[in-house]
Amino acid sequence: MQRNLEGKSIVVTGAARGIGKAMAEGLASEGARLIIADIDEDAAAATAEGIVAAGGAAWSVQVDVTDRARVKAMIGRAVRENGRLDIIFNNAGIAQTKPFLDITEADWRRMLDVNALGVLICMQEAVKQLLSQGQGGKIINTASVAAKQCYDPLAHYGASKFAVAALTQAAARAFGANGITVNAICPGIVATDMWKTIEDGFQTAGLTTKPNEAMDAFSSMITLKRPSTPADIVGVAKFLASAGADYMTGQTVIIDGGMIMD
Ligand SMILES: NC(=O)c1ccc[n+]([C@@H]2O[C@H](COP(=O)([O-])OP(=O)(O)OC[C@H]3O[C@@H](n4cnc5c(N)ncnc54)[C@H](O)[C@@H]3O)[C@@H](O)[C@H]2O)c1
């Protein structure tokens, strides 16, 4: 059976769990050699071990995406294990639910640090490596439907994801001539630990009273009538990493069951 990503050296941040883990496992099943990068060292190691046990190639790296030295080391690990870097998925992120008037400067800075500055640093260090190799490459950022439509108790989260869309467009224009494509995935409502954090935030703020009330309310807007699982995102991730997406850049691809239509 032909595998679409045979031997490709791919870094996925935030790959210890959730969407990043599902994408990494899917990419490994296509023959890619994965760096499982996450701030949670033990969970990242467990994800990498699972991929290896399934016959794939994966190594775990502990990284805080806001720490440039650690990000450089993460890229260096990909080069050490695989001889080069081909693709990076900048997927690590955090969420917080807070009513608009309650968002503090500290909330804003933490959100923008991890979700926007972290993506910028990872993009910069990956691009430097790709430019040094001189053969192009692919950058795929995880944005969100919140990069298209923002809802009240997620203002700073949405701002960070609009920033990811902006970074995606700017870098696509900056490095297109070098054969580096830059695209973003915009998931909708995905049942992960992050969504539990969002749901708890709705209840803490008194905006909902029952478990899953926020997910049910958002899900009522979904054309396909169910929230996503991480597995729903994997097909688009594989496609964007593949040669089939070579002529695609600067795009923010919504995969949300038709919740919003752009
Ligand atoms: N769950 C959703 O509904 C949803 C929807 C749209 C977009 N997203 C985005 O998808 C991405 C993955 O989300 P998820 O739902 O899988 O969340 P998750 O919380 O399950 O996983 C996020 C991962 O990122 C890691 N991480 C957090 N901060 C980090 C840091 N500073 N450095 C390195 N790793 C760090 C966490 O340890 C965790 O393993 C995020 O960027 C998120 O914003 C999620």
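For the structure, see preceding data.
The present account deals with the structure reproduced in this document.

Cut-off values and rules
- Within any chain, residue numbers begin from 1 and follow the written order of that chain's sequence.
- Local features in a predicted model are, by the rule used here, given only for residues with pLDDT of at least 70; side-chain atom pairs are given and counted only at 80 or more, and totals for whole chains, interfaces and linings are based on all residues.
- Only hydrogens and water are set aside when side-chain values are computed; all heavy atoms of the structure are taken into account.
- A single heavy atom is enough: if one lies within 4 Å of a molecule or strand, its residue is considered near that molecule or strand.
- Nitrogen and oxygen atoms within 3.5 Å of one another constitute a polar contact, given that in protein one can donate a hydrogen and the other can accept it, and given that sequence-neighbouring residues count only through two side-chain atoms.
- The protein chains shown are the only cover counted for residues, whose accessible areas, like all others here, come from Shrake-Rupley with a 1.4 Å probe.
- Numbering of helices and strands starts at the N terminus; helices are DSSP runs of H or I of at least 4 residues and strands are runs of E of at least 2.
- An expected span of 1.5 Å times one less than the residue number is assigned to each helix.
- We call two residues in contact whenever any of their non-hydrogen atoms come within 4.5 Å of each other.

Below, the discussion takes up the site of the ligand. Inspection of the region around the ligand gives 28 residues, with Arg17, Asp38, Asn91, Tyr157 and Thr192 positioned closest. Between an oxygen atom of the ligand and a main-chain N or O atom of Gly188, the distance comes to 3.4 Å. Between an oxygen atom of the ligand and a side-chain N or O atom of Thr192, the distance comes to 2.6 Å. Relative to its free-state accessible area of 830 Å², the ligand is covered by the protein chains to the extent of 95%. For the shell around the ligand, the element with the most residues is helix α6 (residues 193-204), which contributes three residues.

Given a rise of 1.5 Å per residue, 29 residues ought to cover 42 Å, and the 40 Å separating the end C-alpha atoms of helix α4 (residues 105-133) matches this to within 8%. Downstream of α4 by one or two residues, Gly134 has phi in the positive range, about 70°.

What follows deals with the side chain of Ser9. For Ser9, the position within the fold is in strand β1 (residues 9-13). Of the polar contacts made by the side chain of Ser9, one reaches the side chain of Asn82; its length is 3.3 Å. Setting aside chain neighbours within four positions, we find Ser9 in contact with Arg33, Ala78, Asn82, Arg84, Leu85, Asp86 and Ile87.

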